[in-house]
Amino acid sequence: MQCFFSSFHPMAFRWSLGNHENFALQIADATNFYITEKNRNDIKNGSILRLTSSPVSFISLQTLLFLNTLIIVDTAAQLHERIQSSSMDAKLESLKDLANASRDITFAQEFINLDGISLLTQMVESGTDFGDLLSFTLTAFVELMDHGIVSWDTFSVAFIKKIASYVNKSAMDTAVLQRSLAILESMVLNSQDLYHKVAQEITIGQLIPHLQGPTPINDEMAHQLYVLQVLTFNLLEDRMMTKMDPQDQAQRDIIFELRRIAFDVECEPNNSGSIEKRKSMYTRDYKKLGFINHVNPAVDFTQIPPGMLALDNMLYFARHHQDAYIRIVLENSSREDKHECPFGRSSIELTKMLCEILKVGELPSENCHDFHPMFFTHDRSFEEFFCICIQLLNKTWKEMRATSEDFNKVMQVVREQIMRALTLKPNSLDQFKSRLQNLSYTEILKIRQSERMNQEDFQSRPILELREKIQPEIMELIKQQRLNRLCDGTCFRKISSRRRQDKFWYCRLSPNHKVLHYGDLEESPQGEVPHDSLQDKLPVADIKAVITGKDCPHMKEKGALKQNKVLELAFSVLYESDEYLNFIAPDKHEYCVWTDGLNALLGKEMTSDYTKSDMDTLLSMEMKLRLLDLENIQIPEAPPPIPKEPSNYDFALYSSTKPFF
């Protein structure tokens with residue numbers, strides 16, 4: 001109990017108390033409990049404290065530490081003995097105590113010194129414990145190993161097999177399953193040797209029931225399953241890092257099988273036709289299959305990665321999705337050479353890409369909780385994943401109308417499609433396939449454009465500065481368009497007091513933007529009305545203001561306000577002292593054009609919805625055009641620093657009549 005008065009040593013100095021570690025504070029009530037570091041925050045305001053001698057005032061700190069060590073050693077020895085008890089009840093209680101005590105590193109050190117880890121592994125390997133006994137045994141083991149005192153490389157294959165057997169069982173106690181997953185995860189992360197041993201005991205098919213069963217998957221188990229998922233994918237590493245031997249007949253037979261399925265041909269006997277004729281026929285078919293090396297396609301698989309893994313995927317696709325395989329091969333072989341999507345080359349590069357995306361061959365990340373449930377829904381999930389993606393690649397190739405020169409561009413788009421679909425964490429391969437259908441090449445372009453503009457609008461200071469610089473130019477362009485429309489002129493209807501709308505009048509701006517010409521018409525014109533035919537004129541210099549809506553004089557007449565549609569299209573030009581030229585626009589578009597144009601003539605801001613829409617559209621287009629050359633280039637947040645001035649400028653002082661060098 002740490003109740004020394006040293007915690008309050010400023011008070012001790014004020015009261016001139018020597019050896020303040022010999023004193024303690026005590027509650028002056030019926031409880032008389034001592035104030036310690038743990039309960040000092042529980043003291044209520046108004047509580048009366050008394051200064052008293054510490055209950056351990058005559059024991060030195062070294063003595064306390066020594067006594068504490070003796071207690072821990074004794075506890076470790078007792079638990080080491082009690083967990084071997086023949087009484088199941090006593091053994092269970094001892095294992096519970098051991099699981100709790102093992103969190104303390106000092107206890108763990110003493111228990112491990114008693115060869116406690118070996119005892120626990122023997123208890124697990126014996127297989128006699130089950131239920132809570134097994135659960136607490138594994139819990140204690142995990143807690144002891146978490147201190148990093150014992151190396152993971154010291155455990156036997158028998159122990160690994162036993163732990164793996166708990167994971168491989170479809171019906172297993174949740175606590176035992178979680179502890180077993182934690183042990184296997186630690187083995188994989190901490191030992192390269194155990195990594196391969198665990199890989200031999202765990203497969204995707206054995207993990208599937210844990211996702212499909214009634215047991216809920218928490219975050220910790222999700223991470224553990226992620227680690228084992230990566231582990232099972234890494235079983236593909238051997239095939240990925242295996243080069244094809246062009247002289248290996250068994251491997252060559254796989255390529256012959258791909259040819260047979262695609263073109264429905266049987267392997268010709270050696271005596272059928274000349275050797276040159278057969279070579280020519282093979283070369284033709286291998287070219288149609290899309291191999292880079294038409295003479296000996298086995299050479300294409302000597303690159304690692306993906307090595308033999310690509311050939312395995314191609315054969316799986318040809319056998320299990322035969323119709324799709326034949327369609328892709330024949331469809332591309334019937335195109336022009338530059339437009340065909342080479343199946344062989346595409347399969348090799350796609351396999352390599354999928355290994356990179358799924359990090360095949362890499363150790364799992366300890367901080368990653370990202371695993372994909374769909375890979376637990378099929379025994380051959382990677383191969384099925386490839387089959388979906390190779391069909392996506394062929395579809396995207398056609399959508400992009402790609403040629404052989406666009407191969408890398410197509411692969412980049414396919415990679416983005418796959419990554420975006422995986423981000424949604426589909427629960428099954430069918431769900432993954434359906435989500436890919438919504439990520440066509442056109443949709444990817446839209447997403448890229450949207451993300452690019454969002455990033456440019458809200459994150460990059462240079463982009464914001466560019467927008468501010470461009471806006472006045474765009475506004476001037478809109479202004480000129482409005483004035484040009486005013487110069488073209490518009491036909492307006494007259495509304496008389498009798499509500500007859502069979503009379504028209506026309507108004508247009510002069511080309512020099514100085515005069516408004518207007519006049520009555522007998523009927524609606526079919527084209528532009530010349531200036532000479534319009535009798536009345538209004539100099540722009542005489543215009544005082546532009547009035548809109550219900551403030552217009554012709555809208556204040558009796559009954560005019562009842563016509564809401566008319567009210568929205570009404571505007572007036574005030575000139576001289578009390579004279580108005582009243583307008584009713586034929587539609588909202590003309591209303592915006594004329595009010596904007598008249599405000600522009602007066603040097604005022606154009607505020608219509610039409611102007612805002614035009615500004616957004618034109619600004620967006622101009623930004624895209626100006627940033628077109630910066631595709632895939634990171635735009636810095638701040639301008640580069642200005643370099644220091646040179647010590648002198650002698651390098652610029654040379655005669656223009658003499659050579660510089």
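It should be emphasised that the depicted structure is a prediction, and the values quoted were computed from it without experimental measurement.

### A few points about the sheet that holds strand 3 (residues 490-493)
(1) Moving on: Reading across from one edge, 3-4-5-6 is the order of the four strands in this open sheet, with antiparallel pairing throughout. Edge positions in the sheet fall to strand 3 and strand 6 (536-539), since each of these pairs with one other strand and no more. Here the strands of the sheet are splayed against their neighbours by 25° on average, with no regard to which way each runs.

### Remarks on the sheet that holds strand 9 (residues 579-584)
(1) Moving on: The antiparallel open sheet is built from three strands, whose spatial order is 7-8-9. The open sheet is flanked by strand 7 (543-548) and strand 9, the only strands paired with a single partner. Each strand of the sheet is rotated relative to its neighbour by a mean of 20°, with strand direction disregarded.
(2) Moving on: Relative to strand 9, strand 8 (residues 570-575) runs antiparallel, the two sharing six bridges. Looking at strand 9, one finds that F571 is bridged to F583.
(3) Moving on: Along the sheet, helix 24 (residues 588-601) makes contact with strand 7, strand 8 and strand 9, crossing strand 8 at roughly 20°.

### Focus: the packing of aromatic side chains
(1) Moving on: For the structure shown, the criterion picks out 24 aromatic pairs.
(2) Moving on: With 6.0 Å between their ring centres and 70° between their planes, F291 and F301 make a pair best called edge-to-face. Here the residue F291 occupies a position in the loop between helix 14 (275-288) and helix 15 (308-320), and F301 occupies one in the loop between helix 14 and helix 15, the gap between them amounting to ten residues.
(3) Moving on: In this structure F291 comes out as buried when scored by relative accessible area, which is 3%.
(4) Moving on: Note on F301: relative accessible area 1%, which makes it buried.

### Some details on the confidence of the model for the protein
(1) Moving on: With 75% of its residues at a pLDDT of 70 or more, the protein shows a mean pLDDT of 78.
(2) Moving on: Predicted confidence for residues 1-13 stays below pLDDT 50, and this span has 37 contacts to residues more than four positions away or in other chains.
(3) Moving on: Segment residues 56-61 is flagged for pLDDT under 50; beyond a separation of four residues in sequence, or across chains, it makes four contacts in the model.

### Some remarks on unusual backbone geometry
(1) Moving on: One non-glycine residue, D115, adopts positive backbone phi at about 65°.
(2) Moving on: Here D115 shows up in the loop between helix 4 (105-113) and helix 5 (116-126).
(3) Moving on: Positive phi values are uncommon outside glycine, yet H513 reaches one of about 65°.
(4) Moving on: Tracing the backbone shows H513 in the loop between strand 4 (504-509) and strand 5 (515-521).

### Looking at the environment of F382
(1) Moving on: Counting through the fold element by element, F382 comes out in helix 18 (residues 381-400).
(2) Moving on: By relative accessible area, F382 is classed as buried at 2%.
(3) Moving on: Considering only alpha carbons, one finds F382 and L358, 24 residues apart in sequence, at a separation of 9.7 Å.

### Focus on a negative patch on the surface
(1) Moving on: A surface patch of like charges, here negative, comprises D542, E576, D578 and E579.
(2) Moving on: Within the secondary structure, D542 is located in the loop between strand 6 and strand 7.
(3) Moving on: Here D542 falls in the partly exposed class, since its relative accessible area comes to 30%.

### Here's the deal with the side chain of S608
(1) Moving on: Here S608 is to be found in the loop between helix 24 and helix 25 (609-626).
(2) Moving on: Beyond its immediate chain neighbours, meaning those up to four positions away, S608 contacts C592 and D596.

Rules used in this analysis
Residues numbered from 1 in each chain as written. Predicted model: local features only at pLDDT ≥ 70, side-chain atom pairs only at ≥ 80, totals over all residues. Heavy atoms only, no water. Pairing = 2+ DSSP bridges. Helix = DSSP H or I, 4+ residues; strand = E, 2+ residues; numbered from the N terminus. Axes fitted to C-alpha atoms, helices over the stretch in contact; angles between N-to-C directions. Contact = heavy atoms within 4.5 Å. Phe/Tyr/Trp six-rings, centres within 6.5 Å; stacked < 30°, edge-to-face > 60°. Buried < 20%, exposed > 50% of the residue type's maximum accessible area, 1.4 Å probe, protein only. pLDDT = per-residue confidence, 0-100. Patch = residues over 30% accessible without salt bridge, like charges linked within 9 Å, V, L, I, M, F, W, Y side chains within 5 Å. Areas by Shrake-Rupley, 256 points an atom, 1.4 Å probe, with all protein chains shown as cover. Salt bridge = Lys/Arg side-chain N within 4 Å of Asp/Glu carboxyl O. Lys, Arg positive; Asp, Glu negative; His and termini not counted. Charge placed at Lys NZ, Arg CZ, Asp CG, Glu CD.

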